[in-house]
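Residues per chain are reported as follows:
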Amino acid sequence: MPDLTSKQRAHLRGLAHALKPAAHIGKEGVTPAAVRGLRQTFDTHELVKVRVLEAAPETAKDTAYAIAGQIDNAAVVQVVGRNATLYRPDPDEPTITLP
């Protein structure tokens, strides 16, 4: 996935504001099971919020980029505190249109 422009990121941040975290990353960090679960979540949602718990071995930013690196076409939208927002457009029928 190409890098998102600042205008596209701002649009996605607005859409993600009301979202609740769909996944929690705990003391084991980014595990294959966590990545598999997020892939399944991306099958039905294009925008996903992930909560990185305090016990996690890496920072929220490092965790977000590790997840995005393991999921095809996923991009990090933002990291605020311990919450990270990731975006992956639906390959068949995208519901979110980027500016």
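The structure contained in this document is the topic of the report that follows. Predicted model only: the values in this text are computed from it and were never measured. (Residues numbered from 1 in each chain as written. Predicted model: local features only at pLDDT ≥ 70, side-chain atom pairs only at ≥ 80, totals over all residues. Heavy atoms only, no water.)

**Digging into the pairing of strand β3 (residues 75–80)**
Relative to strand β4 (residues 83–87), β3 runs antiparallel, the two being bridged by five bridges. Each bridged residue has a counterpart across the sheet, and for Val79 the counterpart in β4 is Ala84. In textbook terms, the turn of a hairpin is the stretch between consecutive antiparallel strands, and for β3 and β4 this stretch comprises two residues, one of which, Gly81, has a positive phi near 60 degrees. (Pairing = 2+ DSSP bridges. Helix = DSSP H or I, 4+ residues; strand = E, 2+ residues; numbered from the N terminus.)

**Remarks on helix α2 (residues 32–44)**
The end-to-end C-alpha distance of α2, which contains 13 residues, comes to 19 Å, matching closely the 18 Å that a straight helix rising 1.5 Å per residue would cover. Among the residues making up α2, those that are buried are Val35, Leu38, Thr41 and Phe42. On an axial view of α2, the arc spanned by its buried residues comes to 115 degrees, and they lie on one face. Along α2, the residues that are exposed and aim more than 90 degrees away from the buried face are Pro32, Gln40, Asp43 and Thr44. The inward-facing, buried residues of α2 contact β1 (23–25), β2 (47–52), α3 (60–70) and β4. (Expected span 1.5 Å × (residues − 1). Buried < 20%, exposed > 50% of the residue type's maximum accessible area, 1.4 Å probe, protein only. Arc of directions from axis to C-beta. Contact = heavy atoms within 4.5 Å.)

**Quick look at the sheet that holds β1**
What the four strands build is an open sheet, ordered β1-β2-β4-β3; its pairing is mixed. Whereas interior strands pair on both sides, the edge strands pair on one side only; in this sheet they are β1 and β3. Across the sheet, the mean angle separating the axes of adjacent strands is 25 degrees when strand polarity is ignored. Judged from the five bridges that link them, β2 and β4 form a sheet pairing that is antiparallel. Across the sheet, the residue bridging to Val48 is Leu86, located in β4. Against the sheet, α2 makes contact with β1, β2 and β4, and its axis sits at roughly 155 degrees relative to β2, the strand it touches most. (Axes fitted to C-alpha atoms, helices over the stretch in contact; angles between N-to-C directions.)

**A short note on the pattern of salt bridges**
The final tally for this structure, using the stated rule, is one salt bridge. Close ionic contact of Arg88 with Asp43 constitutes a salt bridge, the shortest N to O distance being 3.7 Å. Of this pair, Arg88 sits in the segment after β4 while Asp43 sits in helix α2; the two residues are 45 residues apart in sequence, bridging distant segments of the chain. Judged by its relative accessible area of 13%, Arg88 is buried. (Salt bridge = Lys/Arg side-chain N within 4 Å of Asp/Glu carboxyl O.)

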